[in-house]
Amino acid sequence: KAGVTQTPRYLIKTRGQQVTLSCSPISGHRSVSWYQQTPGQGLQFLFEYFSETQRNKGNFPGRFSGRQFSNSRSEMNVSTLELGDSALYLCASSPFSGVTDTQYFGPGTRLTVL
Amino acid sequence: QQQVKQSPQSLIVQKGGISIINCAYENTAFDYFPWYQQFPGKGPALLIAIRPDVSEKKEGRFTISFNKSAKQFSLHIMDSQPGDSATYFCAAAHRGGYGQNFVFGPGTRLSVLP
């Protein structure tokens, strides 16, 4: 079974631009969660989508948004990029919504904002 | 109340030794405590998890000890191997809660010397 895939793996943007990241979950998984990982703040939960609906949301500004498609693929969008948005963005998929043992992470997208 | 503290920040252990990483939480609503292992260039992977109705859980060389009254839990890696060299994250979550699901510790970089 293929794992969680994220595209692109690396991205360089400039301040003020917007960016869209993509996550394809494991086949059959309906939940996709997004996390931001930085050296200073560690791993922080952004939001979770399950069956195309946002189920949970972390403490991030409205510049961070996401969506999920009927095939469970998810996209995350960050508008008006700031230097502090430079991070590894991870998505994780699961068959179930919420807290579960069956959450599998992708390799991440490394975003650098210049 | 949502913080999870983790120590040490880094750890160097000789091959065959015991690695111990400690975490502490504040929110008594947390009822699921996983440990994740992350290798460079990869997303975190669930290593072992515990629920507060047990004080210890062992899987192979990995053991979680849980102290509910002290709100602390720790990971013990017995017979540490160079292949265990990675960053370890503890986390806490409230399985019935809404909003932010997992709260992660800042991570411990483990190096096991051959």
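Whatever comes next refers back to the structure up there.
Every value quoted in this text rests on a predicted model; they were computed, and no experiment measured them.

Participant: Is there a simple way to explain the pairing of strand β5 (residues 42-50) of chain A in this structure?
Facilitator: Here is the key point about a regular strand: its side chains alternate between the two faces of the sheet. Residue and element names in this part refer to chain A. Across the nine residues of β5, eight count as buried, placing the element largely inside the fold. Sheet analysis places strand β4 (residues 31-38) next to β5, joined by eight bridges and oriented antiparallel. By the bridge assignment for β5, Trp-34 is matched with Phe-47. Linking two consecutive strands that pair antiparallel, namely β4 and β5, is a turn of three residues.

Participant: Any chance you could explain the pattern of salt bridges here in plain terms?
Facilitator: One side chain can pair with another of opposite charge once the charged atoms of both are near each other. By the definition in use, this model includes six salt bridges over all chains. Across the salt bridge formed by Lys-57 of chain B and Glu-59 of chain B, the nearest N and O atoms sit 3.6 Å from each other. Classification of Glu-59 of chain B as partly exposed rests on a relative accessible area of 38%. A network of salt bridges, in which partner residues are shared, links Arg-63, Glu-82 and Asp-85 of chain A.

Participant: Please explain the state of the cysteines as it appears in this structure.
Facilitator: Covalent bonding between the sulfur atoms of two cysteines is what defines a disulfide. Residue and element names in this part refer to chain A. Under the criterion given, the structure shown has two disulfides over all chains. Between the sulfur atoms of Cys-23 and its disulfide partner Cys-91 the distance amounts to 1.9 Å. Between Cys-23 and Cys-91, the S-S dihedral sits near 70°, and the bridge is therefore right-handed. Highlighted residues: Cys-23 in strand β3 (residues 19-24) and Cys-91 in strand β9 (residues 87-94), separated in sequence by 68 residues.

Participant: Please clarify how unusual backbone geometry should be interpreted in this entry.
Facilitator: Residues other than glycine predominantly adopt negative phi, and peptide bonds predominantly adopt the trans conformation. Across the junction of Thr-7 of chain A and Pro-8 of chain A, the peptide omega takes the value -10°, indicating a cis bond. Tracing the sequence through the fold places Pro-8 of chain A in the loop between β1 (5-7) and β2 (10-13). With an omega of -5°, the peptide bond running from Ser-7 of chain B to Pro-8 of chain B counts as cis. Within the secondary structure, Pro-8 of chain B sits in the loop between β1 (4-7) and β2 (10-14).

Participant: What is the right way to read the sheet that holds β1 of chain A from this model?
Facilitator: Where strands meet in a sheet, backbone hydrogen bonds hold them as pairs that are either parallel or antiparallel. Residues and elements named next belong to chain A. Spatial ordering of the open sheet is given by β1-β3-β8-β7, a layout of four strands whose pairing is antiparallel. At either margin of the open sheet sits one strand with a lone partner, and together these are β1 and β7 (64-68). On average, adjacent strands in this sheet sit at an angle of 20° to one another, irrespective of strand direction. Bridging between β3 and strand β8 (residues 74-78) involves five bridges; their strand directions are antiparallel. Paired with Val-19 across the strands is Val-78, a residue of β8.

Participant: Can you help me understand the packing of aromatic side chains in this one?
Facilitator: Each aromatic ring pair is described using two quantities: the centre-to-centre distance and the angle formed by the ring planes. Throughout the structure, instances matching the rule amount to 18 aromatic pairs over all chains. Their ring planes at 90° and their centres at 5.6 Å tell us that Phe-105 of chain A and Tyr-36 of chain B sit as a pair that is edge-to-face. Here Phe-105 of chain A is found in strand β10 (residues 104-105), whereas its partner Tyr-36 of chain B is found in strand β4 (residues 33-38) on a different chain. Taking relative accessible area as the criterion, Phe-105 of chain A reaches 11% and is therefore assigned buried. Among the aromatic residues, ring-to-ring pairing joins Tyr-35, Phe-45 and Phe-105 of chain A together with Tyr-32, Tyr-36, Phe-102 and Phe-104 of chain B into one connected group.

Participant: Teacher, can you tell me more about the interface of chain B and chain A here?
Facilitator: One frequently used descriptor of interface size is the decrease in accessible area upon assembly of the parts. With 21 residues of chain B at the interface, the matching set in chain A holds 19 residues. Across the interface of chain B and chain A, roughly 1,600 Å² is buried in total on both sides, 53% from carbon and sulfur atoms. Viewed at the interface, chain A and chain B are joined by zero salt bridges. Between the two partners, chain B and chain A, sit three residue pairs in polar contact (both at pLDDT 80 or more). Every element with two or more residues in the side of chain B that touches chain A is listed here: β4, β5 (45-50), β9 (86-93) and β10 (102-104) of chain B. Partitioned by chemical class, the residues of the side of chain B that touches chain A number 10 nonpolar, eight polar and three charged.

Participant: Honestly, the side chain of Glu-48 of chain A in this entry has me stumped. Any pointers?
Facilitator: Along the polypeptide, Glu-48 of chain A turns up in strand β5. Although buried, Glu-48 of chain A forms no salt bridge, and the nearest oppositely charged side chain, Arg-55 of chain A, lies 6.1 Å from it. The contacts of Glu-48 of chain A, once residues within four sequence positions are left out, are Ser-31, Val-32, Ser-33, Thr-53, Gln-54, Arg-55, Asn-56, Phe-96, Ser-97 and Gly-98 of chain A together with Asn-101 of chain B.

Calculation notes
- Residues numbered from 1 in each chain as written.
- Chains lettered and ligands numbered in written order.
- Predicted model: local features only at pLDDT ≥ 70, side-chain atom pairs only at ≥ 80, totals over all residues.
- Heavy atoms only, no water.
- Buried < 20%, exposed > 50% of the residue type's maximum accessible area, 1.4 Å probe, protein only.
- Helix = DSSP H or I, 4+ residues; strand = E, 2+ residues; numbered from the N terminus.
- Pairing = 2+ DSSP bridges.
- Salt bridge = Lys/Arg side-chain N within 4 Å of Asp/Glu carboxyl O.
- Disulfide = S-S within 2.5 Å.
- Axes fitted to C-alpha atoms, helices over the stretch in contact; angles between N-to-C directions.
- Phe/Tyr/Trp six-rings, centres within 6.5 Å; stacked < 30°, edge-to-face > 60°.
- Contact = heavy atoms within 4.5 Å.
- Buried area = accessible area lost by both parts, 1.4 Å probe.
- Polar contact = N/O pair within 3.5 Å; in protein donor to acceptor, adjacent residues only side chain to side chain.
- Nonpolar A, V, L, I, M, F, W, Y, C, P; charged D, E, K, R; others polar.
- Lys, Arg positive; Asp, Glu negative; His and termini not counted.

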